[in-house]
Amino acid sequence: IPATRVELTVSCRQLLDRDTFSKSDPVCVLYTQRPGSHQWREFGRTEVINNSLNPDFLHKFVLDYCFEERQNLRFDLYDVDSKSPDLSKHDFLGQAFCTLGEIVGSAGSRLEKPLTGITGKKCGTIILLAEELGNCRDVATLQFCANKLDKKDFFGKSDPFMVFYRSNEDGTFTICHKTEVVRNTLNPVWAAFAIPVRVLCNGDHDRAIKVEIYDWDRDGSHDFIGEFTTSYRELARGQSHFNVYEVVNPRKKMKKKKYLNSGTVTLLSFAVEAEHTFLDYIRGGTQLNFTVAIDFTASNGNPSQPTSLHYLSPFQLNAYSLALRAVGDIIQDYDSDKMFPALGFGAKVPPDGHVSHEFPLNGDASNPACHGIAGVLEAYQRSLRHVQLYGPTNFAPVVNHVARSAATVLDGSQYFVLLIITDGVISDMAQTKEAIVNAAKLPMSIIIVGVGQAEFDAMVELDGDDIRISSRGKVAERDIVQFVPFRDYMTGGPGAGLSMAGLAREVLAEIPDQLLSYMKARGIKPPIPPISPETPP
């Protein structure tokens, strides 16, 4: 499935007037950066609008939107004075920098920013509006039953199931759905099933859909009962005499003159609705609440020694700071108040030196939130000077800390993301599993970044990608944990460099689907975003 595509519309208000006898003739040029590169590349230009200081450009920029990447954008405005494509031949009117996430994450996906770049002058404002491009996102829900199917089993009746195929341009068929088997009946009623319209007919409503009915056999040599063809357009008429199909076995038809059919299949119900995307919820106002938890256990090494994972060098950020930066820089675009609770665990804390597994990095237990990622980094570095690294490594308290907040907002207006940065040696595996199983019912996700060279087997188990995590016989209802080893993103060995974009991409890749899985499980539809008032020219 291709990445979500977003269309950007650009408007400006109160641009500088650079023409003596008339108003400026503005054009907007968009520059982007490749992940991990600082080099700006021209992405495209709008049309030129003559004599306007308040242009609404018709030309749209269409970009692939990736939640897990920081997609930096730069908009430069010029007053066009000639036909030359060389921008240095035109007057510069100002520029604005932002990320695609910042536009999408704004109310109604509409971002207004001042234009800057000309010292001592007000350059006006730029208004950016993002809209997701519709590629067929409909999901159809269908239910079928059959009557008087052929009896294929010697003792007992048939065990029928249906197989759906969509036709391809070259006349071949591709399987796209299989129903369950209904045992021992010639008049089965199959369960309703949901299928993306894209999968069923690739958006072409008249494309043939072939349906085959089989009698299930344990050994896999299922007996063919018969088939029929239809199309999405036919099915969309719903339950009616149009949607009763004769099931025909072509070989029987050729052999027997009196052969009518091998039974009939009837469409019992048909419904279609748009499948909601991550962007629908963000645009509808869902906020991501980001909490950081940092491992202050003694296994990290003495912070005053350069070998420690917590060593604060004047020349470069340590692994904890780098991981925090890479993930936080992206996620902060989706959090309107930019206040991030930051906790530490596994240290002896002042004044009495007791071991704590959820202490506030800013020292304020009643409000552990720090302002921006810079505020979290500052509080982390300050904490390192005041606490004593100790142990054990308990994750459950910080997981439960965020779960308590998430449990108070179940309506989909907020989604909580906990980032745990750890050296990976966990002491309370059973309690953590239980905390995660309970948290899977809540609007939250957990990201674990493992730093250092330890074996991270326990972290991989918590991730639950291969085997869904369980505790006391209860299986987590969603997979909400994503684990990433930091060392995989160190390029060319320690100290040589870091693929920040690669790390962020890997860490955040699962969040959109995890958010959707929560909304879907709770039947929460995205609200229609409020229309933001247009700034008058």
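Since this is a predicted model, take the numbers as computed values, not measurements.

1. Comments concerning the overall build of the protein chain
(1) Moving on: What the protein chain contains, in helices and strands, is 12 helices and 28 strands.
(2) Moving on: Taken over the C-alpha atoms alone, the protein chain extends approximately 90 × 75 × 45 Å along its principal axes.
(3) Moving on: For the protein chain, buried positions account for 52% of its 537 residues.
(4) Moving on: Considering only intrachain contacts with a sequence separation of at least 6, the fraction spanning at least 24 residues in the protein chain is 70%.
(5) Moving on: Summed over its atoms, the accessible surface of the protein chain is roughly 25,700 Å², and 53% of this surface lies on carbon and sulfur atoms.
(6) Moving on: Side chains of the protein chain carry 55 positive and 65 negative charges; the gap between the two charge centres is 6 Å.

2. Examining the pairing of strand E17 (residues 287–295)
Consecutive side chains of a regular strand alternate in pointing toward one face of the sheet and then the other.
(1) Moving on: Most of E17 is tucked away, with nine of its nine residues classed as buried.
(2) Moving on: Covered by surrounding structure in E17 are Gln287, Asn289, Thr291, Ala293 and Asp295 together with Leu288, Phe290, Val292 and Ile294, the residues of both alternating faces.
(3) Moving on: Judged from the eight bridges that link them, E17 and strand E24 (residues 414–422) form a sheet pairing that is parallel. Across the sheet, residue valine 292 finds its bridge partner in E24, namely leucine 419.
(4) Moving on: Of the strand pairs in this sheet, E17 and strand E18 (residues 339–345) are connected by four bridges, and their pairing is parallel. Counted as the bridge partner of valine 292 is alanine 342 from E18.

3. Digging into the pattern of salt bridges
(1) Moving on: For the coordinates displayed, the defined rule picks out 21 salt bridges.
(2) Moving on: With a closest N to O distance of 3.7 Å, aspartate 204 and arginine 207 form a salt bridge.
(3) Moving on: The exposure class of arginine 207 is buried, given its relative accessible area of 12%.

4. Let's talk about the nonpolar core
(1) Moving on: Ranked by internal contacts, the top residues of the largest apolar core, which has 85 residues, are Leu8, Phe75 and Phe296.
(2) Moving on: No other element matches helix H6 (residues 319–331), which puts nine residues into this core.
(3) Moving on: Residue contributions to this core reach at least three from each of two domains, namely domain 1 (4–133) and domain 3 (302–522).
(4) Moving on: Discounting residues that sit within four places of it in the chain, phenylalanine 75 has contacts with Leu8, Val10, Cys28, Val29, Leu30, Phe61, Gly94, Gln95, Ala96, Cys98, Ile126 and Leu128.
(5) Moving on: Formed by 33 residues, the second largest nonpolar core is a distinct cluster that contains Ala293, Leu343, Ile426 and Ile448.

5. Details of the packing of aromatic side chains
Aromatic rings considered in pairs are described by the distance between their centres and by the relative angle of their planes.
(1) Moving on: Enumeration according to the criterion identifies 18 aromatic pairs in this entry.
(2) Moving on: Pairing phenylalanine 67 with phenylalanine 278 gives two aromatic rings, centres 4.7 Å apart and planes at 65°, and the pair type is edge-to-face. Of this pair, phenylalanine 67 sits in the loop between strand E4 (61–65) and strand E5 (72–79) while phenylalanine 278 sits in helix H5 (residues 278–283); the two residues are 211 residues apart in sequence, bridging distant segments of the chain. The pair formed by phenylalanine 67 and phenylalanine 278 is uniform in burial state, with each residue classed as buried.
(3) Moving on: Seen from their ring centres, phenylalanine 456 and phenylalanine 483 are 5.3 Å apart, and the 55° between their planes marks the pair as tilted. Residue phenylalanine 456 is found in the loop between strand E25 (444–450) and helix H10 (457–463), and its partner phenylalanine 483 is found in strand E28 (residues 481–485); the two are separated by 27 residues along the sequence. Considered together, phenylalanine 456 and phenylalanine 483 belong to a single accessibility category, that of buried residues.
(4) Moving on: Ring pairing ties together the aromatic residues Phe296, Tyr320, Phe359 and Tyr380, which thus form one cluster.
(5) Moving on: One cation-aromatic arrangement involves arginine 74 over tyrosine 31; the distance from NZ or CZ to the ring centre is 4.0 Å.

6. What about the pairing of E24?
(1) Moving on: The element E24 is largely enclosed, with a buried count of eight among its nine residues.
(2) Moving on: With seven bridges connecting them, E24 and E25 associate as parallel partners. If you follow leucine 419 over to E25, its bridge partner there is isoleucine 447.
(3) Moving on: Once the chain exits E24 it traverses helix H9 (residues 429–439) before rejoining the sheet at E25, and the crossover so formed is right-handed.

7. A short note on the packing of helix H8 (residues 396–406) against H9
(1) Moving on: At a closest axis distance of 9 Å, the pairing of H8 and H9 adopts a crossing angle of 15°. Relative to H9, the element H8 is oriented roughly parallel. In the crossing of H8 with H9, the sense of the turn from one axis to the other is left-handed. Contact with H8, carried on its side by Ala396, Val399 and Asn400, involves Gln431, Thr432, Ala435, Ile436 and Ala439 of H9 and no other residues of that element.
(2) Moving on: Taken together, the residues of the contact of H8 with H9 break down into five nonpolar, three polar and no charged.

8. Section: the side chain of aspartate 150
(1) Moving on: When you line up the elements, aspartate 150 lands in the loop between strand E9 (138–147) and strand E10 (160–167).
(2) Moving on: A residue is classified by how much of its surface remains accessible, and aspartate 150, at 15% relative accessible area, is buried.
(3) Moving on: At a separation of 2.8 Å, a polar atom in the side chain of aspartate 150 contacts the side chain of serine 262.
(4) Moving on: If sequence neighbours within four positions are ignored, aspartate 150 has contacts with Ser158, Leu186, Ile225, Lys252, Asn261 and Ser262.

9. A few points about unusual backbone geometry
(1) Moving on: Going from proline 350 to proline 351, the amide bond is cis rather than trans, its omega being 0°.
(2) Moving on: Relative to the helices and strands, proline 351 resides in the loop between strand E19 (347–349) and strand E20 (354–356).
(3) Moving on: At the junction of glycine 391 and proline 392, the peptide bond is cis and its omega measures out at -5° in the coordinates.
(4) Moving on: Mapped onto the secondary structure, proline 392 falls in the loop between strand E23 (388–389) and H8.
(5) Moving on: Even without being glycine, arginine 472 reaches a positive phi, approximately 50°.
(6) Moving on: Structurally, arginine 472 is set in the loop between strand E26 (470–471) and strand E27 (474–475).

10. Some remarks on the domain arrangement of the protein chain
A common way to state how big an interface is: give the accessible area lost once the parts meet.
(1) Moving on: Here the domain parsing of the protein chain yields domain 1 (4–133), domain 2 (138–274) and domain 3 (302–522).
(2) Moving on: Its C-alpha centre places domain 1 at a distance of 52 Å from the equivalent point of domain 2.

11. Focus: the sheet that holds strand E16 (residues 264–274)
(1) Moving on: Strand order across the open sheet formed by four strands is E12-E9-E16-E15, with antiparallel pairing between neighbours. Either end of the sheet is taken by a strand with one partner, and the two such strands are strand E12 (193–196) and strand E15 (244–246). The sheet shows a mean angle of 35° between the axes of neighbouring strands, taken without regard to direction.
(2) Moving on: Where E15 and E16 come together, three bridges link them in antiparallel fashion. Opposite valine 244, over in E16, you have threonine 266 as the bridge partner.

12. Overview of the state of the cysteines
(1) Moving on: Overall, the coordinates contain zero disulfides when judged by the stated rule.
(2) Moving on: No disulfide involves cysteine 66; its nearest neighbouring cysteine sulfur is the one of cysteine 98, lying 16 Å away.
(3) Moving on: According to the relative accessible area criterion, cysteine 66 is buried, its value standing at 18%.

What counts and what doesn't
Residues numbered from 1 in each chain as written. Predicted model: local features only at pLDDT ≥ 70, side-chain atom pairs only at ≥ 80, totals over all residues. Heavy atoms only, no water. Helix = DSSP H or I, 4+ residues; strand = E, 2+ residues; numbered from the N terminus. Buried < 20%, exposed > 50% of the residue type's maximum accessible area, 1.4 Å probe, protein only. Contact = heavy atoms within 4.5 Å. Areas by Shrake-Rupley, 256 points an atom, 1.4 Å probe, with all protein chains shown as cover. Lys, Arg positive; Asp, Glu negative; His and termini not counted. Charge placed at Lys NZ, Arg CZ, Asp CG, Glu CD. Pairing = 2+ DSSP bridges. Salt bridge = Lys/Arg side-chain N within 4 Å of Asp/Glu carboxyl O. Core = buried A, V, L, I, M, F, W, Y, C linked by side-chain atoms within 4.5 Å. Domains from an automatic or database assignment. Phe/Tyr/Trp six-rings, centres within 6.5 Å; stacked < 30°, edge-to-face > 60°. Lys NZ or Arg CZ within 6 Å of the ring centre and 35° of its normal. Right-handed = clockwise from strand over helix to strand, strands pointing away. Axes fitted to C-alpha atoms, helices over the stretch in contact; angles between N-to-C directions. Parallel < 35°, antiparallel > 145°, perpendicular 65-115°, else oblique. Left-handed = near helix turned anticlockwise from the far one by under 90°. Nonpolar A, V, L, I, M, F, W, Y, C, P; charged D, E, K, R; others polar. Polar contact = N/O pair within 3.5 Å; in protein donor to acceptor, adjacent residues only side chain to side chain. Disulfide = S-S within 2.5 Å.

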